[in-house]
Amino acid sequence: MSVRIVTQSEVPALLPMGECVEVMTEALKTLARGDAVLPLRTLVRLPDRPGLLGLMPAYLGAPATMGLKVVTVMPQNHGTAYDSHQGAVLIFEVEHGSLLAVVDGSSVTAIRTAAVSGVATRALAREDAGDLAILGSGVQAASHLEAMKTVKRLRRVRVWSRDPARARAFAARESARHGLRVEAVASARAAVEGADLVCTTTSSREPVLEGAWLAPGVHINAVGACFKDARELDTAAVAGARLFVDRRESALNEAGDFLIARSEGAVGDDHIVGELGEVLLGKLPGRRAPAERTLFESLGIAIEDLAAAHHIWRKAEALDKGAAIDFGGRRDTEEGSGR
């Protein structure tokens, strides 16, 4: 049998942001219905330098798929020619366990992470939200701008980076790409003040966003801190917002933004209102008032990768994109052959 190989350059055309937002919506609903199996991530840290190998297995009931993402996370790659997240998503069919596809993990991660923030923004932000602040200027900053533009009508966009030159380059590049003005500003506070949408997409381990800066009614997508000992938001930012997560168990074990605030005594486990999928199914209310602050803590979970890769595989099969390679997994045996 053949396995479909889809490369980094091929993924964006097969997984445009608008389609991915809808794919992520359905995947999160499936999780909230209980039709998924999702163990916590396994991390293998390099013993002598920063960096790790992450294994993210899962089963998703609709579309019926099992598989895993294998990803390296190398913080020192920021600002170089190499993505900080690299790897592959492998998906298998569930009847015989046959491998269906191997899809580039860097591009899937970039698109699906921002698409989930788009789902959260559509569900939790004010209807008229359109003043966007992006903290960070890397891959996720760019994909989040695209996602926010997909789900909201943006009136203003400000970007901040610890490297002002990168912020200016981001602003120039993305302004031309999207046909809208992106302003590079000198501080995170200048980016955030007055914004009603905030996306934190940095690699910082210490807070870059303070609750004191936030306007009433703001919605925050917290994306960059995905380990229990790292955070982008200070305690006031977490405590002052209604907190939603992609998955409760993952947040209780891995979300530094929440866990550090909890360790300081500012919040308890009940500060997590619920999972985004529960809001999408109508099991939980999202935003309750225009002045309420909402926070989506995004860790990135394997069912998102499986759903994205399955969508890519299905389109690649229909359009004959990628490369179909004879990979094995099936033997034609003759009765009595002894094999």
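Calculation notes
- Residues numbered from 1 in each chain as written.
- Predicted model: local features only at pLDDT ≥ 70, side-chain atom pairs only at ≥ 80, totals over all residues.
- Heavy atoms only, no water.
- Helix = DSSP H or I, 4+ residues; strand = E, 2+ residues; numbered from the N terminus.
- Rg over C-alpha atoms; globule rule 2.2 N^0.38 Å.
- Buried < 20%, exposed > 50% of the residue type's maximum accessible area, 1.4 Å probe, protein only.
- Contact = heavy atoms within 4.5 Å.
- Areas by Shrake-Rupley, 256 points an atom, 1.4 Å probe, with all protein chains shown as cover.
- Lys, Arg positive; Asp, Glu negative; His and termini not counted.
- Charge placed at Lys NZ, Arg CZ, Asp CG, Glu CD.
- Phe/Tyr/Trp six-rings, centres within 6.5 Å; stacked < 30°, edge-to-face > 60°.
- Lys NZ or Arg CZ within 6 Å of the ring centre and 35° of its normal.
- Pairing = 2+ DSSP bridges.
- Axes fitted to C-alpha atoms, helices over the stretch in contact; angles between N-to-C directions.
- Expected span 1.5 Å × (residues − 1).
- pLDDT = per-residue confidence, 0-100.
- Parallel < 35°, antiparallel > 145°, perpendicular 65-115°, else oblique.
- Nonpolar A, V, L, I, M, F, W, Y, C, P; charged D, E, K, R; others polar.
- Core = buried A, V, L, I, M, F, W, Y, C linked by side-chain atoms within 4.5 Å.
- Salt bridge = Lys/Arg side-chain N within 4 Å of Asp/Glu carboxyl O.

**Remarks on the overall build of the protein**
At step 1: Within the protein, the secondary structure is distributed over 11 helices and 16 strands.
At step 2: Since a compact globule built from 339 residues should have a radius of gyration of about 20 Å, the 20 Å found for the protein is in line with a globular shape.
At step 3: Taken along its principal axes, the extent of the C-alpha atoms in the protein is 75 × 45 × 45 Å.
At step 4: Counting across all 339 residues of the protein, residues that qualify as buried make up 55%.
At step 5: Residue pairs in contact within the protein that sit at least 24 positions apart in sequence constitute 72% of those at least 6 positions apart.
At step 6: Surface accessibility of the protein: about 14,700 Å² in total, with carbon and sulfur atoms responsible for 51%.
At step 7: Charged side chains in the protein number 40 positive and 43 negative. The centres of these two groups are separated by 5 Å.

**A closer look at the packing of aromatic side chains**
At step 1: Per the counting criterion, the structure on display carries zero aromatic pairs.
At step 2: If you follow R45 out to its NZ or CZ, it ends over the ring of F227, 5.4 Å from the centre.

**Points about the sheet that holds strand 11 (residues 197-200)**
At step 1: The strand order across the open sheet built from eight strands is 10-9-8-11-12-15-13-14, with neighbouring strands paired in parallel fashion. Of all strands in the sheet, those bounded by a partner on one side alone are strand 10 (182-184) and strand 14 (272-275). Sheet twist, expressed as the mean angle between neighbouring strand axes with direction ignored, is 20°.
At step 2: Against the sheet, helix 4 (residues 139-151) engages strand 8 (131-135), strand 9 (156-160), strand 10, strand 11 and strand 12 (219-222), with an angle of about 165° to strand 8.

**Here we look at the environment of A309**
At step 1: Structurally, A309 can be placed in helix 11 (residues 302-319).
At step 2: Accessibility expressed as a relative area gives 0% for A309, which makes it buried.
At step 3: Through-space distance from the C-alpha of A309 to that of V102 is 8.2 Å; in sequence the pair is 207 residues apart.
At step 4: Sequence-distant contacts of A309, defined by excluding residues within four places in its chain, comprise V89, I91 and V103.

**Points about helix 11**
At step 1: The end-to-end C-alpha distance of helix 11 is 26 Å, a good match for the 26 Å that 18 residues give at a rise of 1.5 Å each.
At step 2: Immediately downstream of helix 11, the backbone of D320 shows phi near 55°, a positive value.

**Concerning the confidence of the model for the protein**
At step 1: This prediction gives the protein a mean pLDDT of 94; 97% of its residues lie at or above 70.
At step 2: Within the model, the stretch residues 333-339 combines pLDDT values under 50 with three contacts to residues more than four positions away or in other chains.

**Quick look at the packing of helix 2 (residues 17-32) against helix 4**
At step 1: In contact at an axis separation of 10 Å, helix 2 and helix 4 are set at 80° when each is read in the N-to-C sense. In terms of orientation, helix 2 lies roughly perpendicular with respect to helix 4. Note on element contacts: helix 4 touches helix 2 through S143, E146, A147, T150 and V151, opposite M17, G18 and V21.
At step 2: Of the residues in the contact of helix 2 with helix 4, the class split is four nonpolar, three polar and one charged.

**Brief notes about the nonpolar core**
At step 1: Counting 64 residues, the largest nonpolar core has M24, L132 and I303 as its most contacted members.
At step 2: If one sorts the elements of this core by residue count, helix 11 sits on top with nine residues.
At step 3: If we skip the residues at most four places from it in the chain, I303 touches A27, L31, A36, L38, A58, Y59 and L60.
At step 4: Listed in part, the 35 residues of the second largest apolar core include L233, A255, F258 and L295.

**A short note on the pairing of strand 4 (residues 52-61)**
At step 1: Alignment of strand 2 (residues 36-37) against strand 4, held across two bridges, turns out to be antiparallel. Following the sheet pairing, A36 is matched in strand 4 by L60.
At step 2: Bridge count for strand 3 (residues 42-45) against strand 4 is four bridges, and the pairing is antiparallel. For L43, the partnering residue across the bridge sits in strand 4 and is G54.
At step 3: The hairpin turn running from strand 3 into strand 4, its antiparallel successor, is six residues long, and G51 in that turn takes a positive phi close to 135°.
At step 4: Two elements, strand 4 and strand 5 (residues 64-73), share 10 bridges in a ladder whose sense is antiparallel. Bridging across to strand 5, G54 finds its partner in V71.

**Considering the pattern of salt bridges**
Opposite charge on two side chains allows them to pair when their charged atoms are near.
At step 1: Per the stated rule, a full pass over the model turns up 26 salt bridges.
At step 2: For the salt bridge of E174 with R173, the shortest nitrogen-to-oxygen distance reads 3.2 Å.
At step 3: Overall, R173 belongs to the partly exposed group, its relative accessible area being 42%.
At step 4: Each of K69, R112, E304 and D305 takes part in a single network of salt bridges with overlapping partners.

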